[in-house]
Amino acid sequence: MADTKREIERKYESDDSGLPDLTGVTGVDAVVDKGVAHLDATYYDTADERLAAASITLRRRTGGADAGWHLKFPVAPGVRDEIQAPLSDSLPRSLAGLIRSRVRDAELRPVVRLLSDRDVRDLVDAGGRLLAEVSVDAVRAERLTGDGGVAQWTELEVELADGGDPAFLDRVDKRLRKAGVRPSGSASKLARALAETAPRKKGGKTGKAEKAEKAEKAGQAVNAGKSGGQRRPRPPQTAGDHVLAYVREQRDALVELDPAVRQDVYDSVHRMRVATRRMRSAFLSYGKVLDRTVSDPIAEELKWLAGELGVDRDQEVLAERLTAALTELPRTLVYGPVRTRLRTWMNARHGGSRRRLIGVLDSTRYLTLLDRVDALVAEPPLLRAAAGSPEKVIGKAVRKDFGKLADLVEQAIAAEPGTERDLALHEARKKAKRTRYAAEAAIASLGDPATALAKSMKSLQNLLGDHQDSVMTRLTLRELSAVAHAAGENVFTYGLLYGREEARAAADEAELPGAWREVTGGMRV
């Protein structure tokens with residue numbers, strides 16, 4: 001079993017002078033000596049250091065109070081989520097899955113070994129409550145690949161206690177700076193170890209330093225953060241640049257959300273599904289920019305993935321809607337074990353869909369999709385229009401999508417109430433979503449008009465989405481009431497909820513004409 005904790009810490013350069021006096025920090029009543037721990041950590045990565053490039057660390061560590069496997073994901077500067085698993089000879093499956101979207105079929109291997117003598121102090125308040133742990137670490141780093149470089153340094157680390165106030169770190173920081181201690185230039189021990197033990201090239205420079213120097217001479221920026229030393233893409237200029245920037249953003253979102261979906265983090269499934277839809281919409285809307293003979297097969301796989309993600313997400317939406325609707329009813333109108341039956345339905349559906357979804361994320365088909373998207377981003381199938389003006393090429397594509405949406409909305413408004421209109425509104429909803437995503441991709445090039453269109457499309461999408469949710473909720477209520485009736489239960493409450501959903505859908509339909517007039521009146525792209 002893996003445990004997760006949020007790690008909030010700050011790192012500082014240190015010398016042989018040890019730890020400055022921190023008893024004067026506001027709130028600190030005592031500095032408690034916890035002794036010296038001897039830590040031995042081996043860090044793992046792929047041959048091309050994919051985890052390090054994403055500021056992710058994976059280590060197996062012995063010594064100290066938390067020996068075991070540790071996987072850390074960046075959250076914000078100085079903030080990481082650490083997932084721990086018990087000590088074992090091989091990487092636990094619980095952690096292996098969380099980095100699969102990064103590692104894929106590549107082999108994990110030991111890259112760096114860190115030996116640390118950690119001199120620990122606890123900062124506690126008058127009640128003995130832990131405020132932060134401060135340590136002075138004497139570190140020896142050994143590169144386990146290449147020429148086996150070695151580096152040594154001493155650093156000071158301040159880690160906030162679980163549930164502590166981050167503002168306390170500011171007070172400690174002020175005290176340390178006053179004592180002449182300065183923040184570390186490296187975000188983590190691993191980052192420093194990789195930099196200082198990298199194979200050296202001619203002239204005594206490391207390989208990464210040499211690349212950075214060449215890039216600087218060529219007038220190109222090097223991103224030493226998220227991309228792990230890769231060149232930043234130049235600012236978008238052509239239509240192709242803007243579309244690719246949007247596709248790249250969705251690709252990154254897919255990979256980064258994968259671990260959150262596996263951990264069942266709230267709303268992660270929805271966000272990942274949105275990323276697949278945004279990318280697919282970009283391929284469809286900007287078919288004059290990216291060759292659809294190349295992007296269409298990928299778009300089909302994205303549609304498959306969105307569908308698989310939808311099994312879980314649609315369940316979440318229906319569960320939230322039904323729970324809220326039942327909560328709003330007076331107790332006198334709730335007959336029979338409706339809440340119990342709803343919970344049973346939710347748990348059964350959620351458990352089954354979760355198992356299926358994890359299987360999808362572990363599948364060859366999904367990992368192949370990620371590889372194909374990477375390949376498209378690396379070598380984009382650009383067409384002639386890709387070199388054109390963003391205002392002209394992208395603006396034309398957005399207007400084309402809006403025109404198709406207009407036809408569908410008008411058809412839905414004119415359709416007979418009932419199944420015919422429900423289906424027409426559902427098609428209009430999907431087109432509104434695509435138009436919104438096309439407008440989002442156009443914001444960087446078209447500015448305020450695209451921003452306004454994206455905002456109005458989101459509003460329209462919400463209205464049409466509420467209507468579709470009502471359609472699906474009524475289907476679910478019919479299923480639940482049929483099961484309840486077969487069990488001899490009173491089905492009055494299901495009928496009451498059904499009637500309320502009918503009224504809600506009718507209100508959405510009545511609101512649509514006015515909402516659409518407002519959208520068309522504000523169209524400026």
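Our structure is the block above this text.
Residues numbered from 1 in each chain as written. Predicted model: local features only at pLDDT ≥ 70, side-chain atom pairs only at ≥ 80, totals over all residues. Heavy atoms only, no water.

Peer 1: Sorry, what's going on with the overall build of the chain here?
Peer 2: For the chain, the count of helices and strands is 15 helices and eight strands. Projecting the C-alpha coordinates of the chain onto the three principal axes gives extents of approximately 80 × 65 × 45 Å. A buried classification covers 46% of the 525 residues belonging to the chain. Taking the contacts inside the chain whose residues are at least 6 apart along the sequence as the reference set, 71% of them involve residues at least 24 apart. Of the roughly 26100 Å² of accessible surface on the chain, 51% is carried by carbon and sulfur atoms. For the chain, the separation between the mean place of its 86 positive charges and that of its 79 negative charges on side chains is 4 Å. (Helix = DSSP H or I, 4+ residues; strand = E, 2+ residues; numbered from the N terminus. Buried < 20%, exposed > 50% of the residue type's maximum accessible area, 1.4 Å probe, protein only. Contact = heavy atoms within 4.5 Å. Areas by Shrake-Rupley, 256 points an atom, 1.4 Å probe, with all protein chains shown as cover. Lys, Arg positive; Asp, Glu negative; His and termini not counted. Charge placed at Lys NZ, Arg CZ, Asp CG, Glu CD.)

Peer 1: Is there a simple way to think about helix α12 (residues 390-414) in this case?
Peer 2: Side chains that are three or four residues apart share a direction in an α-helix, a result of its 3.6 residues per turn. Taking 1.5 Å of rise per residue, 25 residues should cover 36 Å, and α12 covers 36 Å from first to last C-alpha, within 8% of that figure. For α12, the full list of buried residues reads Pro390, Val393, Ile394, Gly395, Ala397, Val398, Asp401, Phe402, Leu405, Ala406, Val409 and Ala412. Where α12 is buried, its residues touch α7 (239-262), α8 (268-285), α13 (419-446), α14 (448-486) and α15 (492-521). (Expected span 1.5 Å × (residues − 1).)

Peer 1: Even after reading the chapter, I still don't get the pattern of salt bridges, so can you show me in this structure?
Peer 2: Close approach of charged atoms allows side chains with opposite charge to pair. Under the definition given, this model contains 50 salt bridges. Close ionic contact of Glu13 with Arg192 constitutes a salt bridge, the shortest N to O distance being 3.3 Å. Of this pair, Glu13 sits in strand β1 (residues 3-13) while Arg192 sits in helix α5 (residues 189-196); the two residues are 179 residues apart in sequence, bridging distant segments of the chain. Owing to a relative accessible area of 32%, Glu13 belongs among the partly exposed residues under this scheme. On the basis of relative accessibility, which here comes to 13%, the residue Arg192 falls in the buried class. (Salt bridge = Lys/Arg side-chain N within 4 Å of Asp/Glu carboxyl O.)

Peer 1: Just checking my understanding: could you explain the sheet that holds strand β6 (residues 109-124) for this structure?
Peer 2: Sheets are built from strands that pair by backbone hydrogen bonding, the pairs being arranged parallel or antiparallel. Around the barrel, eight strands lie side by side as β1-β5-β4-β3-β2-β6-β7-β8; this closed barrel has antiparallel pairing. Sheet twist, expressed as the average angle between the axes of neighbouring strands with direction ignored, equals 35°. Pairing between strand β2 (residues 30-45) and strand β3 (residues 57-62): four bridges, direction antiparallel. Directly across from Tyr43, in β3, lies its bridge partner Arg59. (Pairing = 2+ DSSP bridges. Axes fitted to C-alpha atoms, helices over the stretch in contact; angles between N-to-C directions.)

Peer 1: I keep staring at the packing of α12 against α13 and nothing clicks. Help me out?
Peer 2: Packed helices, taken two at a time, are described by the angle their axes make and the gap between the axes. Packing of α12 against α13 leaves a shortest axis separation of 9 Å and a crossing angle of 165°. Considered as vectors, α12 and α13 are oriented roughly antiparallel to each other. Between α12 and α13 lies a crossing of left-handed hand. Of the residues that constitute the contact of α12 with α13, the class distribution is 17 nonpolar, three polar and seven charged. (Parallel < 35°, antiparallel > 145°, perpendicular 65-115°, else oblique. Left-handed = near helix turned anticlockwise from the far one by under 90°. Nonpolar A, V, L, I, M, F, W, Y, C, P; charged D, E, K, R; others polar.)

Peer 1: Which parts of the structure should I look at to understand the nonpolar core?
Peer 2: Across soluble globular proteins, nonpolar side chains have a tendency to be buried as a group. Judged by nonpolar contacts, the single largest core of 65 residues is most densely connected at Val247, Phe283 and Tyr286. Element by element, the count of residues in this core is highest for α13, at 10 residues. Leu123, Leu156, Leu160 and Leu176 belong to the second largest nonpolar core, which has 17 residues in total. (Core = buried A, V, L, I, M, F, W, Y, C linked by side-chain atoms within 4.5 Å.)

Peer 1: I would appreciate a short explanation of a positive patch on the surface in the present structure.
Peer 2: Taken together, the side chains of Lys288, Lys392, Lys396, Arg399, Lys400 and Lys404 make up a positively charged region of the molecular surface. Inspection of the secondary structure puts Lys400 in helix α12. Note on Lys400: relative accessible area 52%, which makes it exposed. (Patch = residues over 30% accessible without salt bridge, like charges linked within 9 Å, V, L, I, M, F, W, Y side chains within 5 Å.)

Peer 1: Explain unusual backbone geometry to me, please; I cannot follow it from the model alone.
Peer 2: Phi at Glu49 takes a positive value of approximately 55°, unusual for a residue other than glycine. Inspection of the secondary structure assignment puts Glu49 in the loop between β2 and α1 (50-53). Overall, Glu49 belongs to the buried group, its relative accessible area being 16%. Positioned with a positive phi, Asp267 is a non-glycine residue whose angle comes to about 70°. With respect to the element layout, Asp267 can be found in the loop between α7 and α8.

Peer 1: Explain the pairing of β2 to me, please; I cannot follow it from the model alone.
Peer 2: Here is the key point about a regular strand: its side chains alternate between the two faces of the sheet. Alignment of β2 against β6, held across 15 bridges, turns out to be antiparallel. Across the sheet, the residue bridging to Tyr43 is Val112, located in β6.

Peer 1: Explain the packing of α12 against α14 to me, please; I cannot follow it from the model alone.
Peer 2: Close contact between α12 and α14 brings their axes to 13 Å; oriented N to C, the two are set at 25°. When the axes of α12 and α14 are compared, the pair comes out roughly parallel. The element α12 and its partner α14 pack so that their crossing is left-handed. Two secondary-structure elements touch here, α12 through Val398, Phe402 and Leu405 and α14 through Leu453, Met457 and Leu460.

Peer 1: What's the story with the environment of Arg50 in this structure? I'm lost.
Peer 2: Note that Arg50 resides in helix α1. Considering only alpha carbons, one finds Arg50 and Ala151, 101 residues apart in sequence, at a separation of 22 Å. If we skip the residues at most four places from it in the chain, Arg50 touches Asp45, Arg102, Val103, Arg104 and Ala106.

Peer 1: Mind showing me how you'd approach the packing of aromatic side chains here?
Peer 2: Two measures describe an aromatic ring pair: the distance that separates the ring centres and the angle between the ring planes. Counted according to the given criterion, the structure contains three aromatic pairs. Geometrically, the ring pair formed by Tyr44 and Trp69 is tilted, given 5.4 Å between the ring centres and 40° between the ring planes. Here Tyr44 is found in strand β2, whereas its partner Trp69 is found in strand β4 (residues 68-76), with 25 residues between them in sequence. For the pair Tyr44 and Trp69, a shared accessibility class is recorded, and that class is buried. Looking at Arg365, its charged tip hangs above the ring of Trp304, at a distance of 4.2 Å from the centre. (Phe/Tyr/Trp six-rings, centres within 6.5 Å; stacked < 30°, edge-to-face > 60°. Lys NZ or Arg CZ within 6 Å of the ring centre and 35° of its normal.)

Peer 1: Any chance you could explain the environment of Val255 here in plain terms?
Peer 2: Structurally, the position occupied by Val255 is in helix α7. The buried category is assigned to Val255, whose relative accessible area is 7%. When the C-alpha atoms of Val255 and Asp137 are compared, they prove to be 33 Å apart, with 118 residues separating the residues in sequence. Here Val255 is in contact with Ser101, Arg102 and Arg104, once residues within four sequence places are set aside.

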